[in-house]
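Now for the letters of each chain:
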Amino acid sequence: MDPASVMTMPENSPASTRLLAALRQGDAAARGEILLGYQPWLQLLARMQIDTRFQGKVAASDIVQQTLLEACRDLPQFRGTTEPELLAWLRQILAHVLAHEIRRYRGTQQRDLDREVSLEDALAQSSQRLGAMLADSGPSPSAGAAQREQEVQLAEVLARLPDDYREVIILRNLEGLSHEEVAHRMGRGTGAVRMLWVRALAALKLAMAGH
């Protein structure tokens, strides 16, 4: 099964049911290959939750790799029956991994369940912001797909954009920074950032239309 096919199937379709069955019954390599299709989405969610003071110490790519490893290991225990439940489960694992890394760098060994719950909530809100951004970017390539599926598609498209395009969109649209704040973060002039943002949004719309 093509891992990318999960991104366009309706959440309650027979194909989605078969996917979940394949995830449970396949060997570790097959499970890992299918779960890898969620990597851009997880990467974007992780990036949006890493506090500025942890940048350079906690890498989103490392967080996502550990999340996928734990998901592949624990997948036989997953009891959900729909793909949205699978994604909620992946967000929960991501929150756990993030909380562990934050504790490690703060030098706190005691598990902070409240911190993990707050991270889960924050990740869910980030996922909702992806959906809102998609609505603002114009018609989606699969209007009948669930909003959550479209968010995963958006993360895939963002991952393929040039680095500066992706960065300005994340900072401006997803993190909600002003043009001045984005300019400071990117080391560019405000006017240059405004032009970059317009070009990046145009590129995003074009890429989404062809996705």
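This text gives an overview of the structure that appears in the document. Predicted model, so just to flag it, every value in this text is computed and none were measured. (Residues numbered from 1 in each chain as written. Predicted model: local features only at pLDDT ≥ 70, side-chain atom pairs only at ≥ 80, totals over all residues. Heavy atoms only, no water.)

## Observations regarding the layout of surface pockets
Empty space among the atoms can be located by rolling a probe the size of a water molecule over them.
Then step 1. Estimates place the volume of the largest pocket at around 230 Å³.
Then step 2. Forming the walls of the largest pocket are P40, Q43, L44, R47, A60, A155, L158, A159, D163, R166, E167 and I170.
Then step 3. Secondary structure elements with two or more residues in the lining of the largest pocket: α3 (39-49), α7 (147-160) and α8 (163-174).
Then step 4. Of the residues assigned to the lining of the largest pocket, the class counts are 7 nonpolar, 1 polar and 4 charged. (1 Å grid on protein atoms, 1.4 Å probe; cavity = no way out; pocket = protein on both sides within 12 Å on 5 of 7 lines; lining within 4 Å. Points joined across faces, edges and corners; volume = space filled by probe spheres on them. Helix = DSSP H or I, 4+ residues; strand = E, 2+ residues; numbered from the N terminus. Nonpolar A, V, L, I, M, F, W, Y, C, P; charged D, E, K, R; others polar.)

## Observations regarding the nonpolar core
Then step 1. Core analysis: the largest hydrophobic core is formed by 56 residues, its most contacted members being W41, L90, V168 and L204.
Then step 2. Elements represented by at least two residues in this core include exactly α3, α4 (60-74), α5 (83-106), α6 (113-136), α7, α8, α9 (179-186) and α10 (190-209).
Then step 3. Beyond its immediate stretch of four places on either side in the chain, W41 contacts L87, L90, R91, S127, L130, E151, V152 and A155. (Core = buried A, V, L, I, M, F, W, Y, C linked by side-chain atoms within 4.5 Å. Buried < 20%, exposed > 50% of the residue type's maximum accessible area, 1.4 Å probe, protein only. Contact = heavy atoms within 4.5 Å.)

## Observations regarding α9
Then step 1. Looking only at α9, the buried set comprises H179, V182, A183 and M186. End-on view of α9: buried residues confined to an arc of 100 degrees, all on one side of the axis.
Then step 2. The elements touched by buried residues of α9 are α8 and α10.
Then step 3. In the segment just after α9, G187 is the residue with positive phi, at about 70 degrees. (Arc of directions from axis to C-beta.)

## Notes on the packing of α8 against α10
Then step 1. Here α8 crosses α10 at 100 degrees, and the two axes come no closer than 9 Å. Classed by the angle they form, the pair α8 and α10 counts as roughly perpendicular. Facing D164, Y165, V168, I169, R172 and N173 of α8, the residues of α10 in contact are V193, L196, W197, R199, A200, L201, A203 and L204.
Then step 2. Residues that form the contact of α8 with α10 fall into these classes: 10 nonpolar, 1 polar and 3 charged. (Axes fitted to C-alpha atoms, helices over the stretch in contact; angles between N-to-C directions. Parallel < 35°, antiparallel > 145°, perpendicular 65-115°, else oblique.)

## Notes on the packing of aromatic side chains
Then step 1. Counted under the stated rule, the structure contains 1 aromatic pair.
Then step 2. Relative to W89, the ring of F78 has its centre 5.2 Å away and its plane inclined at 40 degrees; by these criteria the two rings are tilted. Note that F78 is positioned in the loop between α4 and α5 and W89 in helix α5, a separation of 11 residues in sequence.
Then step 3. Classification of W89 as buried rests on a relative accessible area of 14%. (Phe/Tyr/Trp six-rings, centres within 6.5 Å; stacked < 30°, edge-to-face > 60°.)

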